[in-house]
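# Descriptive analysis of the structure
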Amino acid sequence: MSIIAFDSVSKVYRMGSEEIHALRDVTFRMAPGDFTAIMGSSGSGKSTMMNIIGCLDRPTSGSYYFDGRSVGTLKEAQLAAIRRSKIGFVFQSFHLLTRASALENVEMPLVYAGVSPKKRRQQALAALDQVGLADRAHHRPYELSGGQMQRTAIARALVNRPRLLLADEPTGALDSATGHEIMAIFRSLHAEGMSILLVTHEQEIAQCARMIVHFRDGEITSVTKEQREEAAAL
Amino acid sequence: MTFLEGFRLAARGIRSNLLRSVLTMLGVIIGVGSVIAMVSLGQGASAEVTQRIANMGSNLLMVQPGRAVVRTSGGTRVAVLTVAHEQAIAAHASAVAATAPELSQTANIRTESGSHEFQVIGTTASYLEIRNTSIVSGRMFSDEEKRAADRVVVLGANPAAELFPHTDPVGETLRINQRTFLIIGVLEAKGDSAMMSADDSILVPVTTAEKRLFGTDALRMINVKAVSSDHIDAAEAQIERILSPMLPEGAEIRITNMQQMLDTMEETSMTFTLLLAGIAGVSLLVGGIGIMNIMLVSVTERTKEIGIRRAIGGTPKDILVQFTLEAIFLSSLGGLIGIAAGFSGAQLLSQAMGWAVMFSGSAAVLGFGTAVTIGLFFGIWPASRAAALDPILALRHDM
Ligand SMILES: Nc1ncnc2c1ncn2[C@@H]1O[C@H](COP(=O)(O)OP(=O)(O)OP(=O)(O)O)[C@@H](O)[C@H]1O
Ligand SMILES: [Mg+2]
């Protein structure tokens, strides 16, 4: 069964009399344990798609099944429950709480999941350690570099051991060396069996994925699969 | 999210903007504080007055003339109430245990230490029984002295202490309105400082007051003690019946008893309480609106935070709880500070002005409860606005 199943999903934003079709009849499937990259020009609907997949937004039409469950009929509280227990989201612009330390930021999903203070401290420290940031646990976001903030955001996405990790341009604001470090983290997570879907503008980053989905004007134009294996076979 | 967690979050939100939080609480602090202070002082005052009245005994009646003197059709001026009326009551009213006339005026008292103003009451020995007081030094005037209208006085506790701070006044003399009087006794101190307290008075035989001091036989009042508090109505009826044929034409009298005075007191304190409730209501309303205002600002300021919390799995309810608790936290903290400020303010006022205070636990509980309710009432709307935010739009909010 697919972890993500989109059946002709559309998203239309109405701006006064104007209609913006951010997604047009998108049909898409992703198997559990897969590593997929989404590419496309700016404004082509990538973030819109990620938000719907992340249960933050709802399609205007069409249906979306997450892990076999139809999301369209769920209530806000049920969507929130999916977000905190099954999905980790790394946002395009970090979205860390500036008034809290890195550790507290990473702990936050566990607070809403009702984990005891002692246990969530342990888990948060472990997640920070996994992204190589254990020594910065008590720093505030403004005391961290861009790469460190991104790693904090990744640790926060990982801390609840999600089935699906969504990352919207996780390396967009970083230099290529730091970008590679981040990608190394993703690759090891994938090796551990986590499903990963990431948006990127960089061909090099996309190469890490097993499948690349190309977007233009809210539509999927092409899907490239299993590049590495094909390349290896040649 | 647990309640405790929400509480921790709320406390943190308040701490992160301490100055603003304190300023926001100010409305509630002032509201609750002034109510607590006024209730403490008001209850103190009414308890004191009730105590005084109770001290005098609840079976006391006072007969007072509408006007002390009336002019008859013949043109002569006659006193409405005189000693003759008092004696008629004493002789004929079966429900009456004792009577005492009061022929009183403020007079100038002169001793070696200087000149003072005191209330001089012309009365009889039964005044002691009626006013529930006694002699601590010396004696009360005798029937002989009364008949002869001798110039003897019995001092209340306050004039005794003021005029003769270092010596026993008994045997000394003083001058009332330029006439020399011999001090024969001192009354015990009741310590009730009442409006009609014996503590402040100087007693002389009623005949002396009439003939040697004030030159009138018009009584200010006749004190009457009923046989028991159950006989008050009977005594009142008998007094009415005895006096009405004796009164000069056009004269009116008023009979009041202690129960009526207590009732009047209660009515006054009820009005006072309602007034307080009004003031409290208005100031707490203002405090509540202040809290609502700051919570709305806070929700707008923290839109991005709300978006993040929603995105990582916080439900609308979690957000609602967080912000409502923050408002309640603010107002109840303000309430607690207000209670402390109110009590200490009342304490200070009572020390500075000599007013009585009475601290009531129920006022504190009520004040705190109101503060909590205010926080809930005025916090729920901003909080539900926060909870209703669309997470995606909230995330886009910069700041
Ligand atoms: N809330 C909104 N209201 C109106 N239009 C919107 C809204 N959100 C997105 N859009 C529009 O939908 C389209 C797709 O936006 P989206 O953010 O998905 O692009 P993207 O592919 O992520 O671009 P980028 O690479 O720049 O991040 C854009 O034309 C954008 O203007
Ligand atoms: Mg985008």
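Residues numbered from 1 in each chain as written. Chains lettered and ligands numbered in written order. Predicted model: local features only at pLDDT ≥ 70, side-chain atom pairs only at ≥ 80, totals over all residues. Heavy atoms only, no water.

## Focus on the overall build of chain B
Regarding its fold elements, chain B presents 13 helices and 12 strands. Over its C-alpha trace chain B gives a radius of gyration of 33 Å, far above what one expects of a compact globule, namely 21 Å for 399 residues. The C-alpha extent of chain B, read off along each of the three principal axes, is 105 × 50 × 40 Å. Partitioning the contacts of chain B with sequence separation of at least 6, the portion at a separation of at least 24 is 78%. A total of about 18,600 Å² of accessible surface is found on chain B, and carbon and sulfur atoms cover 59% of it. When the 30 positive and 35 negative side-chain charges of chain B are each reduced to one mean point, those points stand 9 Å apart. (Helix = DSSP H or I, 4+ residues; strand = E, 2+ residues; numbered from the N terminus. Rg over C-alpha atoms; globule rule 2.2 N^0.38 Å. Contact = heavy atoms within 4.5 Å. Areas by Shrake-Rupley, 256 points an atom, 1.4 Å probe, with all protein chains shown as cover. Lys, Arg positive; Asp, Glu negative; His and termini not counted. Charge placed at Lys NZ, Arg CZ, Asp CG, Glu CD.)

## Describing the site of ligand 1
Around ligand 1, the structure places 16 residues, and the nearest of them are A:Ser42, A:Gly43, A:Lys46, A:Ser47 and A:Thr48. More than one chain reaches ligand 1: the nearby residues come from chains A and B. Separating an oxygen atom of ligand 1 from a side-chain N or O atom of A:Gln92 is a distance of 3.1 Å. With the chains in place, 75% of the 630 Å² that ligand 1 exposes on its own is no longer accessible. Contributing elements (two or more residues each) for the shell around ligand 1: β1 (4-15), β2 (18-30) and α1 (46-53) of chain A. Looking at the shell around ligand 1 element by element, the count peaks at 3 residues for α1(A). Of the residues in the shell around ligand 1, the class split is 4 nonpolar, 9 polar and 3 charged. (Near = heavy atom within 4 Å. Polar contact = N/O pair within 3.5 Å; in protein donor to acceptor, adjacent residues only side chain to side chain. Nonpolar A, V, L, I, M, F, W, Y, C, P; charged D, E, K, R; others polar.)

## So, the sheet that holds strand β8 (residues 195-199) of chain A
Residues and elements named next belong to chain A. Within the open sheet, the 6 strands sit side by side as β6-β7-β8-β3-β9-β10. Their pairing is mixed. Strands at the two margins of the open sheet, each flanked by one partner only, are β6 (87-90) and β10 (219-225). For this sheet, the mean inter-axis angle between neighbouring strands, taken without regard to orientation, is 15 degrees. Pairing of strand β3 (residues 35-40) with β8, which is carried by 4 bridges, proceeds in the parallel orientation. Looking across to β8, one finds that Ile38 is bridged to Val199. Along the sheet face, α1 touches β3, β6, β7 (164-168), β8 and β9 (211-216) and points at about 155 degrees away from the line of β7. (Pairing = 2+ DSSP bridges. Axes fitted to C-alpha atoms, helices over the stretch in contact; angles between N-to-C directions.)

## A look at the interface of chain B and chain A
In many analyses, interface size is given as the accessible surface area lost on bringing the parts together. The partner chain A presents 21 residues to the 23 residues of chain B that form the contact. Here chain B packs against chain A, burying approximately 2,100 Å² in sum over the two surfaces, 57% of which is carbon and sulfur. Interface area lost by chain B to chain A is led by B:Ile308, B:Ile312 and B:Ile392, which between them contribute 27%. A salt bridge links A:Arg99 to B:Glu305; the shortest N-O distance between them is 2.9 Å. Across the chain B-chain A interface, the total number found is 11 residue pairs in polar contact (both at pLDDT 80 or more). Elements supplying a minimum of two residues to the side of chain B that touches chain A: α1 (3-15), α10 (303-311), α11 (316-353) and α13 (391-396) of chain B. Among the elements that take part in the side of chain B that touches chain A, α10(B) stands out by supplying 6 residues, more than any other. A class-by-class count of the residues in the side of chain B that touches chain A yields 9 nonpolar, 5 polar and 9 charged. (Buried area = accessible area lost by both parts, 1.4 Å probe. Salt bridge = Lys/Arg side-chain N within 4 Å of Asp/Glu carboxyl O.)

## So, the domain arrangement of chain B
Under the domain assignment used here, chain B contains domain 1 (3-52 + 264-395) and domain 2 (67-251). Here the C-alpha centre of domain 2 of chain B lies 55 Å away from the C-alpha centre of domain 1 of chain B. (Domains from an automatic or database assignment.)

## A look at the coordination of the magnesium ion (ligand 2)
All names here are of chain A. The magnesium ion (ligand 2) binds to the protein through Ser47 (OG) and Gln92 (OE1); the donor distances cover 1.9 to 2.6 Å. Of this pair, Ser47 sits in helix α1 while Gln92 sits in the loop between β6 and α3 (102-113), and the two are 45 residues apart along the sequence. Since its relative accessible area comes to 25%, Ser47 is described here as partly exposed. Exposure remark for Gln92: the relative accessible area of 41% places this residue in the partly exposed category. (Donors = N, O, S within 2.8 Å, 3.2 Å for Na, K, Ca; no water. Buried < 20%, exposed > 50% of the residue type's maximum accessible area, 1.4 Å probe, protein only.)

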